[in-house]
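Structural overview
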Number of protein chains: 2
Amino acid sequence: MSQLNLPKGRRLTRQRQVILAELRKVHSHPNAFEVYELVKKKIPRISLGTVYRNLGFLKSHGHIQALSCDCCDCEHFDGQTDHNEHFTCKLCQRVYDLKGPLTKKICLGSQDGHQIDDYQVNLIGICHQCLKKKKSSLARKSGLTGKR
Amino acid sequence: MSQLNLPKGRRLTRQRQVILAELRKVHSHPNAFEVYELVKKKIPRISLGTVYRNLGFLKSHGHIQALSCDCCDCEHFDGQTDHNEHFTCKLCQRVYDLKGPLTKKICLGSQDGHQIDDYQVNLIGICHQCLKKKKSSLARKSGLTGKR
DNA sequence: CTAGGTGCAAATCATTTGCCGGGGC
DNA sequence: GCCCCGGCAAATGATTTGCACCTAG
């Protein structure tokens, strides 16, 4: 794992290492409880409070970022901090990173007199997996009943 | 107020009318409790539970929209449903609507194989009011102490 | 009469916090 | 020795829900 620069006196404890490693490993964007479950496999006695505390710690030092989607009631975390653009499926509620250059036109600087330091884009729709499912179920249905 | 089309049997009660009217009137993006306080001036005996219920109702029928910013722990509401682009000040935590055309390059359609129906953009930074305050306090400070 | 709506209070759920013992430097 | 840290459990705060009554159609 890359060496992180931490303020003097603060340590990258085993708990923090594991949380960070798990977040960097997975491509889903787990919420705090899911992180807790992942980390518990490595550190069975870790507590949920510690996970919350350390997610906050890692976030405040810029090592991870939090995503708030409005489809669910809790915060999701991303081990990468350079992903500002996400896609949320309104059917399965999975959160994807966007790969395409679609939103690259947004530039930091100023806007309406405000100083823009950062941005988050969230696209909402139906993901390719759910689209596939939907199509095949439609095809099945029309195949059975036909057009009358 | 414009007539809303509601599913059969559902009514636009006085409580809902007032909530909607207040949300359309204000330009801040109040959270549920702030809506409650606004509405209580008109309907003193309304309960917070009713406000939540009706915000959910209005949202699910597309008359208002919810914004989740990550700077605070609660949901904010917008009486307009065509505002997808917001700016959050990280100092005062106010939420502004964006007027400029900055993010217009985002287009609905498809992206990475997903079907995009909607989007939300949130820019984060320091708003013009806070910038002004910051500048004048800096000026004051350097004026008093000078450069040494 | 029936379904939908409301006020109220209790419940729920995510997240935060206080406390205390333990370990690193 | 001091400070940071983690586990645990209790507290907090936003939101939801169950219930009993009310009202429009």
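Computed from a prediction, not measured in an experiment: that's the story for all the values here. (Residues numbered from 1 in each chain as written. Chains lettered and ligands numbered in written order. Predicted model: local features only at pLDDT ≥ 70, side-chain atom pairs only at ≥ 80, totals over all residues. Heavy atoms only, no water.)

The next subject is the environment of A:Lys8. Its place among the elements puts A:Lys8 in the segment before helix 1 (14-25). Considered as a pair, A:Lys8 and A:Ser28 are 20 residues apart in the sequence and their alpha carbons are 32 Å apart. (Helix = DSSP H or I, 4+ residues; strand = E, 2+ residues; numbered from the N terminus.)

Take the protein's contact with DNA strand C next. A:Tyr52, B:Arg11, B:Thr13, B:Arg16 and B:Thr50 are the nearest of the 19 residues found near DNA strand C. Taking the atoms of DNA strand C that fall within 4 Å of the protein, sugar and phosphate contribute 78% of them. Take B:Arg11: an N or O atom from its main chain is 3.0 Å from a phosphate oxygen of DNA strand C. Contacts to DNA strand C include B:Arg53, whose side-chain N or O atom sits 3.1 Å from a base nitrogen. Mapped by element, the contributors of at least two residues to the surface near DNA strand C are helix 3 (48-60) of chain A together with helix 1 (14-25) and helix 3 (48-60) of chain B. Looking at side-chain class alone, the surface near DNA strand C contains 5 nonpolar, 6 polar and 8 charged residues. (Near = heavy atom within 4 Å. Polar contact = N/O pair within 3.5 Å; in protein donor to acceptor, adjacent residues only side chain to side chain. Nonpolar A, V, L, I, M, F, W, Y, C, P; charged D, E, K, R; others polar.)

Quick look at the nonpolar core now. A:Phe87, A:Leu123, B:Phe87 and B:Leu123 are the most contacted members of the largest nonpolar core, which has 22 residues in total. For this core, the elements supplying multiple residues, two or more each, are strand 6 (114-126) and helix 4 (128-145) of chain A together with strand 6 (114-126) and helix 4 (128-145) of chain B. (Core = buried A, V, L, I, M, F, W, Y, C linked by side-chain atoms within 4.5 Å. Buried < 20%, exposed > 50% of the residue type's maximum accessible area, 1.4 Å probe, protein only.)

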